[in-house]
Amino acid sequence: MRDRGRAGMSGEGEDLGETLTRLGLRRTVPRLTILTALRDAATHLSVPRLHRLVISAYEMISVSTVYRNVTVMTARGVLHSVDHAGETLFGLAATPHHHLICRRCDVLVELPADRLGGAGAAVMESTGFAMDPVGQVLRGYCRRCRRDLLA
């Protein structure tokens, strides 16, 4: 998993275009369309899936344009990426978070980084390993799949 530029987006109070400008990127129609699609999807998306969403709003955008823009925005901390189920998914880097992935249905859920509390400190104390404070991928079973498995 790659998660660069922890400065990222400042959150809900900042306009998507302002985020681009603050991080030294031009406000272009493709970038704003990509960011809007990710915000509206409220999840992480692959480039092909993201492309399918953005062409409904901006028909002239090609898959290579989407790929180039997510690469640039990831390098600048507007987006981050996580490798999941054999593909790279991109999400907004608005707030520090970890990723919970269900082993059965592949759902990906964001968990605010502060919700893990002292887990990082406990790992370091018991193993000497210092975990990254954000961007961890935790695998298990979502509520629905756990219920189905127990039924």
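Residues numbered from 1 in each chain as written. Predicted model: local features only at pLDDT ≥ 70, side-chain atom pairs only at ≥ 80, totals over all residues. Heavy atoms only, no water.

**Considerations on the packing of helix 3 (residues 47-54) against helix 4 (residues 63-75)**
Stage number 1. With their axes 9 Å apart at the nearest point, helix 3 and helix 4 run at an angle of 115 degrees to one another. Two packed elements cross with a definite hand, and for helix 3 against helix 4 that hand is right-handed. Seen from helix 3, the contacting residues are Val-47, Leu-50, His-51 and Val-54; seen from helix 4, they are Val-63, Val-66, Tyr-67 and Val-70. (Axes fitted to C-alpha atoms, helices over the stretch in contact; angles between N-to-C directions. Helix = DSSP H or I, 4+ residues; strand = E, 2+ residues; numbered from the N terminus. Left-handed = near helix turned anticlockwise from the far one by under 90°. Contact = heavy atoms within 4.5 Å.)

**Some words on helix 3**
Stage number 1. Regarding helix 3, the residues found buried are Val-47, Leu-50, His-51 and Val-54. Taken end-on, helix 3 shows its buried residues confined to a sector of 105 degrees, consistent with a single buried face.
Stage number 2. Its buried side turned inward, helix 3 meets helix 2 (29-41), helix 4 and strand 2 (87-92). (Buried < 20%, exposed > 50% of the residue type's maximum accessible area, 1.4 Å probe, protein only. Arc of directions from axis to C-beta.)

**Re the sheet that holds strand 4 (residues 108-112)**
Adjacent strands of a sheet pair through backbone hydrogen bonds, lying either parallel or antiparallel.
Stage number 1. The sheet built from 3 strands is open, its strands ordered 4-3-5 with mixed pairing. The open sheet has two edge strands with one neighbour each: strand 4 and strand 5 (137-140). Taking the axes of each pair of neighbouring strands and ignoring which way they run, one obtains an average angle of 30 degrees across the sheet. (Pairing = 2+ DSSP bridges.)

**Remarks on the pairing of strand 2**
Stage number 1. Here strand 1 (residues 79-84) pairs with strand 2 via 6 bridges, running antiparallel. Paired with His-84 across the bridge in strand 2 is Glu-87.
Stage number 2. Between the antiparallel neighbours strand 1 and strand 2 lie 2 residues, among them Ala-85 with a positive phi of about 55 degrees.

**As for the state of the cysteines**
Stage number 1. Tallied over the entire structure, the rule returns 0 disulfides.
Stage number 2. No disulfide involves Cys-102; its sulfur sits 3.7 Å from that of Cys-145, the nearest cysteine.
Stage number 3. Unpaired in this structure, Cys-142 has its nearest cysteine sulfur neighbour in Cys-145, at a distance of 3.6 Å. (Disulfide = S-S within 2.5 Å.)

**Section: the pattern of salt bridges**
Stage number 1. In the structure shown here, the tally under the stated rule is 3 salt bridges.
Stage number 2. Between Asp-15 and Arg-27 there is a salt bridge, with the nearest N and O atoms lying 3.9 Å from each other. Of this pair, Asp-15 sits in the segment before helix 1 (16-22) while Arg-27 sits in the loop between helix 1 and helix 2; the two residues are 12 residues apart in sequence, bridging distant segments of the chain.
Stage number 3. Exposure remark for Asp-15: the relative accessible area of 40% places this residue in the partly exposed category.
Stage number 4. Asp-148 is the partner of Arg-104 in a salt bridge, and the nearest nitrogen-oxygen pair spans 3.4 Å. In this pair, Arg-104 is assigned in the loop between strand 3 (97-102) and strand 4 and Asp-148 in helix 6 (residues 143-150), connecting sequence segments 44 residues apart. (Salt bridge = Lys/Arg side-chain N within 4 Å of Asp/Glu carboxyl O.)

These figures come from the coordinates and say nothing about function on their own.
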